[in-house]
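Geometric and topological summary
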Amino acid sequence: MERSSEKNEDPFRAAIIILRDKEIPQEIANELLIEARRRGFRLEVFVFSDLDPPDEVAILFPLINHNHSVTLSIITKKLVPHIGEELTGRGIDLVYVEKSVREKVRLELEKRGLNLKIFDGGTNELEA
Amino acid sequence: MNLKPEVIITTDRTMMSNHHRKEFLGFVATGPAIGMPEKIWLWISSPKPKILDDGEPLEAPYGLRKVEAALLKSGIETKVVDPAYLNHYIETTKVLMIGHHDFFAYGPPSNEWWLLTGKEPINRISFAKLMESQAIRRMKKNGVKIIVGGPAAWQWLYEREKWKKWGVDSVVDGESEKVIGKLVERALNGEEIPSYVYVGIKDVPSLEEIPEIVKPSVNGLVEIMRGCPRGCRFCSVTLRPLRFIPLEKIEREMLVNVKAGIKSGLLHSEDVLLYGADGVKPKEEPIMKLHEMALRHVEDLGWSHASMAAIRYAQEKYKLISKIMEMLKTKQDFLGVEVGLETGGLELAKKIMPAKSAPYPVEKWHETVEEAMKIMHENDVIPAVTLIIGMPEETEEDLLQTLELLDKIKGYRSLIVPMMFVPMGALKNKEFYKKEMIRDLHIQVLYKTYRHSIYWAKEIVRKSYLKSPTYLPLRGVLEFFMWYVENKVEKIVKELPTLRSA
């Protein structure tokens, strides 16, 4: 019999759109880990930002440091004007958009029917 | 088979060496060169290995061999190449894979030597030289994808400038056997690859999925189990599921080494005595069978790690240490192993390593350590004992109890290696131990361990470790080094009021 954790082999896929000097809050990291555990302990995160790779990885420290059990893949991407196009077709479950990201970007994502969540990224002490 | 595969696996010189067939000498590379030129220091720790065809080393670190085996199993041609020969592969390589157990010297004991001397350890310098070598720079210009991994993968998160500067494309943290094939395939196809991968429980390989090495490992190291049931909070290994590698699989890997002419064996586990154990209680049969099998093939055998509690239990219940040593002594004089003491502070032990002393109660930790040290001393097992200072929640009372425990074990032949706390395992969100955190009691612990180790090191080097005349030049250099360190330290001690009475 199939185990419940093996019902869906697809990872939980999230995109995070964030600008420099910001970091994801701990509650979002926890939320992502909970969703990933429900979906078979795999999480794929696409980080779109104005930073050069690999600094985007640091934005996810709250997630990396609290994760012990989930397979985590972080794909870092440059924040580009045609972001909606970049995100469509990737099977993204949820897009987290930091509140300082321009309204235009948010509207474009909404237009494409993506599931959005706005968050406050505070200040990333490592970057500030 | 293509002579020049598109996927190359390598590491720097401090890792790509058999350390004169003395694994412990590899630790010399975790410090800066002291009292001698860097070249001699590097020769002591990491002489160049025997090279076979076109830069392929006869023996390579076990972790690299596992990655090689995993890729071959996925149908990807690959080759481990000595760092000095990477220039032979500039035009043909598409993916360069680099493994290490301490890329930037943040791990123990590198960070400790760095903090105490204020000088960069050789392993860090050597790794930077590799990454800035002409061969790697030219490969990068050609568009080669660089994937790094191994037990020190986490260190890249703290060295993002170098990550960027050296053009590392992906960092893989964790047991990679199940994920590495797909990742390399994507890199070969020019597809998008993740910047960072952490391997979680769903992707940890089962026993059947762990591939056997196909080429020899440094000093005949073979893995006998993965994971550890003790659950110490500072250790990342306990986060992995416990798996005992079947005896026949271990034997096949040993034969890979023996057939290549490597006659020594090194059993790798977080606690060799827990092979086939009932929880934390060692069992006689699997341990005896393991050693009987190993001794059929190798001329001398070492253990990577064992625990104080397992040593005590195995001896008290089965006289197992004596039985193993009786077997081993038909071929060798002593057995080397790394054993964790970590702290003498009982309250701290309860918080961070409550099962370290199991099956004995944590309150009896001092008694367990003393008993285990006595058992090892009487049976010619020579431990390198690790001790961690600066752990979160450590109090003065914990340090005083550690000093007491060090006094209790001073008569037992061993090296004690103090290490500064590095945030790993369940404590990975805590702070690194830093220079400004050093207290007088830390200095006293460091000094006591130094005096213990320098006293016993002289005997160990002369009578056991480098006894053979083959090692005469190496012994001479090491004895000079110990003399130099003693002189230096005694001068410092005269200036430090904390230590004058210690």
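These figures come from a predicted structure and were not determined experimentally.

1. Focus: the confidence of the model for chain B
For chain B, the average pLDDT comes to 92, and 97% of its residues sit at 70 or higher. Here the complex is predicted with pTM 0.91, and the ipTM for its interfaces comes to 0.90.

2. Quick look at the pattern of salt bridges
Residue and element names in this part refer to chain B. Evaluation of the coordinates by the stated rule reveals 55 salt bridges over all chains. Residues arginine 65 and glutamate 68 are paired through a salt bridge, measuring 3.2 Å at the closest nitrogen-oxygen approach. Taken as a pair, arginine 65 and glutamate 68 lie in helix α2 (residues 62-73) at a separation of three residues, close to a single helical turn. The exposure class assigned to glutamate 68 is buried, which follows from its relative accessible area of 0%. Glutamate 177 is paired through a salt bridge with arginine 226; the nearest N and O atoms lie 2.4 Å apart. Taken together, the residues glutamate 177 in the loop between β5 (170-173) and α7 (180-188) and arginine 226 in strand β8 (residues 225-226) connect sequence positions 49 residues apart. Summarising the burial analysis for this pair, glutamate 177 and arginine 226 share the class buried. Salt bridges linked by common partners bring Glu175, Glu177, Glu223, Arg226 and Arg243 together as one network.

3. Some thoughts on helix α9 (residues 284-297) of chain B
Since there are 3.6 residues in each turn of an α-helix, residues three or four apart along the chain are aligned in direction. Between its terminal C-alpha atoms α9(B) stretches 21 Å, which fits the 20 Å expected from 14 residues at 1.5 Å a residue. In this structure, the buried side of α9(B) is in contact with α8 (247-259), β10 (264-268), β11 (300-303) and α11 (320-328) of chain B.

4. Here's the deal with the sheet that holds β11(B)
Residues and elements named next belong to chain B. Judged by pairing direction, the sheet is parallel, and its three strands sit side by side in the order β7-β10-β11 without closing on themselves. One side of each edge strand has no neighbouring strand; the edge strands of this open sheet are β7 (221-223) and β11. Strand-to-strand twist of the sheet, defined as the mean angle between neighbouring strand axes without regard to direction, takes the value 25 degrees. Note that β10 and β11 share four bridges and pair parallel. Residue pairing for β11: leucine 266 is matched across the bridge by glycine 302.

5. Considerations on the sheet that holds strand β3 (residues 71-78) of chain A
Strand-to-strand pairing in sheets goes through backbone hydrogen bonds, with the strands running parallel or antiparallel. Spatial strand order, β5(A)-β4(A)-β1(A)-β2(A)-β3(A)-β6(B)-β5(B)-β4(B)-β3(B)-β1(B)-β2(B): 11 strands in an open sheet with mixed pairing. The two strands at the open ends of the sheet, each matched to only one other strand, are β5 (116-119) of chain A together with β2 (78-80) of chain B. Direction aside, the axes of adjacent strands within the sheet are offset by 20 degrees on average. In this structure, strand β2 (residues 42-49) of chain A lies alongside β3(A), joined through eight bridges in parallel fashion. The residue of β3(A) that forms the bridge with Phe48(A) is Lys77(A). Across the sheet, helix α5 (residues 103-111) of chain A touches β1 (12-17), β4 (94-98) and β5 of chain A, and the angle it forms with β5(A) is around 160 degrees. Of the strands in this sheet, β1 (7-10), β3 (95-99), β4 (145-149) and β5 of chain B are in contact with α7(B), which crosses β3(B) at around 145 degrees.

6. Digging into unusual backbone geometry
All names here are of chain B. With an omega of -5 degrees, the peptide bond running from proline 108 to proline 109 counts as cis. When you line up the elements, proline 109 lands in the loop between β3 and α3 (110-117). Proline 359 follows alanine 358 through a cis peptide bond whose omega is 15 degrees. Note on placement: proline 359 falls in the loop between α12 (346-352) and α13 (365-378). Here arginine 21, not a glycine, exhibits a phi torsion of approximately 65 degrees, which is positive. Topologically, arginine 21 is positioned in the loop between β1 and α1 (38-45). Residue classification places arginine 21 among the partly exposed positions, given a relative accessible area of 32%. Phi angles above zero are rare outside glycine, and lysine 319 is one such case at about 55 degrees. Inspection of the secondary structure puts lysine 319 in the loop between α10 (308-318) and α11.

7. Concerning the environment of Val168(B)
Residues and elements named next belong to chain B. By the element assignment, valine 168 lies in the loop between α6 (160-165) and β5. Looking at valine 168, the relative accessible area reads 8%, which means it is buried. Put simply, valine 168 and methionine 131 are 37 residues apart on the chain and 9.7 Å apart in space, counted from C-alpha to C-alpha. In contact with valine 168, not counting residues within four places along its chain, are Met131, Ile146, Val148, Trp156 and Trp163.

8. A closer look at the domain arrangement of chain B
All names here are of chain B. When cut into domains, chain B gives domain 1 (7-203) and domain 2 (216-494). Put simply, the middle of domain 1 and the middle of domain 2, counted by C-alpha atoms, are 25 Å apart. Summing the contributions of domain 1 and of domain 2, the shared interface buries around 3,600 Å²; its carbon and sulfur component is 67%. Three residues, Tyr62, Leu115 and Glu175, lead the burial of domain 1 against domain 2; their summed loss comes to 19% of the area buried on that side. The interface formed by domain 1 and domain 2 includes four salt bridges. One salt bridge in this structure joins arginine 226 and glutamate 175, with 2.7 Å as the shortest N-O distance. Within the residue set of the side of domain 1 that touches domain 2, elements represented by two or more residues are α1, α2 and α3. Among the elements that make up the side of domain 1 that touches domain 2, the one with the highest residue count is α3 (five residues). When the residues that make up the side of domain 1 that touches domain 2 are grouped by side-chain class, the tally is 22 nonpolar, seven polar and nine charged.

9. Here's the deal with a positive patch on the surface
Residue and element names in this part refer to chain B. There is a patch of like positive charges on the surface, built from Lys119, Lys488, Lys491 and Lys494. Checked against the element boundaries, lysine 119 lands in the loop between α3 and α4 (122-131). Assessed through its relative accessible area of 45%, lysine 119 is described here as partly exposed.

What counts as what
Residues numbered from 1 in each chain as written. Chains lettered and ligands numbered in written order. Predicted model: local features only at pLDDT ≥ 70, side-chain atom pairs only at ≥ 80, totals over all residues. Heavy atoms only, no water. pLDDT = per-residue confidence, 0-100. Salt bridge = Lys/Arg side-chain N within 4 Å of Asp/Glu carboxyl O. Helix = DSSP H or I, 4+ residues; strand = E, 2+ residues; numbered from the N terminus. Buried < 20%, exposed > 50% of the residue type's maximum accessible area, 1.4 Å probe, protein only. Expected span 1.5 Å × (residues − 1). Contact = heavy atoms within 4.5 Å. Pairing = 2+ DSSP bridges. Axes fitted to C-alpha atoms, helices over the stretch in contact; angles between N-to-C directions. Domains from an automatic or database assignment. Buried area = accessible area lost by both parts, 1.4 Å probe. Nonpolar A, V, L, I, M, F, W, Y, C, P; charged D, E, K, R; others polar. Patch = residues over 30% accessible without salt bridge, like charges linked within 9 Å, V, L, I, M, F, W, Y side chains within 5 Å. Areas by Shrake-Rupley, 256 points an atom, 1.4 Å probe, with all protein chains shown as cover. Lys, Arg positive; Asp, Glu negative; His and termini not counted. Charge placed at Lys NZ, Arg CZ, Asp CG, Glu CD.

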